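One-letter residues, chain by chain:
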Amino acid sequence: MLTYFMIICLLVFLDQLTKHLIVIHLEEGKYKVIIPRFFKITSVRNQGAAMGILSGQRVLFTIIPTLAILVLSYILYLEGNFFKNPIFTVSIILLISGALGNLLCRLFRKEVVDFLIFSLFGYDSPVFNLADLFIGFGMLGFVFREII
């Protein structure tokens, strides 16, 4: 369990560090192209859920992730045997890390910092952050686990 806790701490640290670097080095609303026509970073603040949905519902976005983190931590404690269920264990770790990363932003910044944009076939993805990426891959892990 200590190893899982350390991995979660590392992932949350990376999420918070990248958000902090964006805040101090890139003016809000500006962007920098990293790989032309594929990847750029920007600086956007979000007070709601994905793409600003339910903006201003800070209490809701504090209670739900807190409950999710507690429930997922308990499940990880009961079922988190990496050698028995590696996809399940990694998925839970990613979900906890993502939920905690965005929760910390909401608690201390009063908003979430989003900064990653990928372009595919001429269309830009919604702006997201590492915590969102962790949550997305955690959910994909659950879907993948159910399929195989």
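Residues numbered from 1 in each chain as written. Predicted model: local features only at pLDDT ≥ 70, side-chain atom pairs only at ≥ 80, totals over all residues. Heavy atoms only, no water.

1. So, the overall build of the chain
In terms of regular secondary structure, the chain is built from four helices and four strands. For the chain, the sequential pattern of α-helices and β-strands runs α-β-β-α-α-β-β-α. Whereas a compact globule of 148 residues would reach a radius of gyration of roughly 15 Å, the chain reaches 16 Å, a difference of no more than 12%. With respect to the three principal axes, the spread of C-alpha positions in the chain is 45 × 35 × 25 Å. Counting all 148 residues of the chain, 37% fall into the buried class. In the chain, 61% of the contacts between residues at least 6 apart in sequence involve partners at least 24 apart. About 9,300 Å² of surface is accessible on the chain, with carbon and sulfur atoms providing 72% of the total. (Helix = DSSP H or I, 4+ residues; strand = E, 2+ residues; numbered from the N terminus. Rg over C-alpha atoms; globule rule 2.2 N^0.38 Å. Buried < 20%, exposed > 50% of the residue type's maximum accessible area, 1.4 Å probe, protein only. Contact = heavy atoms within 4.5 Å. Areas by Shrake-Rupley, 256 points an atom, 1.4 Å probe, with all protein chains shown as cover.)

2. A closer look at the side chain of Thr-42
Topologically, Thr-42 is positioned in strand β2 (residues 39-46). For Thr-42, a relative accessible area of 6% gives the class buried. A distance of 2.7 Å separates a polar atom in the side chain of Thr-42 from the backbone oxygen of Lys-30. Those residues within four positions of Thr-42 in sequence are excluded, and the remaining contacts are Ile-22, Leu-26, Gly-29, Lys-30, Tyr-31, Asp-114, Phe-115, Ile-117 and Val-127. (Polar contact = N/O pair within 3.5 Å; in protein donor to acceptor, adjacent residues only side chain to side chain.)

3. A short note on the pattern of salt bridges
By the definition in use, this model includes four salt bridges. For Lys-19, the salt bridge is made with Asp-15, and the minimal N-O distance between the two is 2.8 Å. Here Lys-19 and its partner Asp-15 are both found in helix α1 (residues 2-25), four residues apart, which amounts to about one turn of the helix. Here Lys-19 falls in the buried class, since its relative accessible area comes to 0%. We note a salt bridge from Lys-40 to Asp-124, for which the minimum N-O separation is 3.4 Å. Of this pair, Lys-40 sits in strand β2 while Asp-124 sits in strand β4 (residues 123-124); the two residues are 84 residues apart in sequence, bridging distant segments of the chain. Since its relative accessible area comes to 18%, Lys-40 is described here as buried. (Salt bridge = Lys/Arg side-chain N within 4 Å of Asp/Glu carboxyl O.)

Bear in mind that shape data such as this cannot, by itself, settle questions of function.
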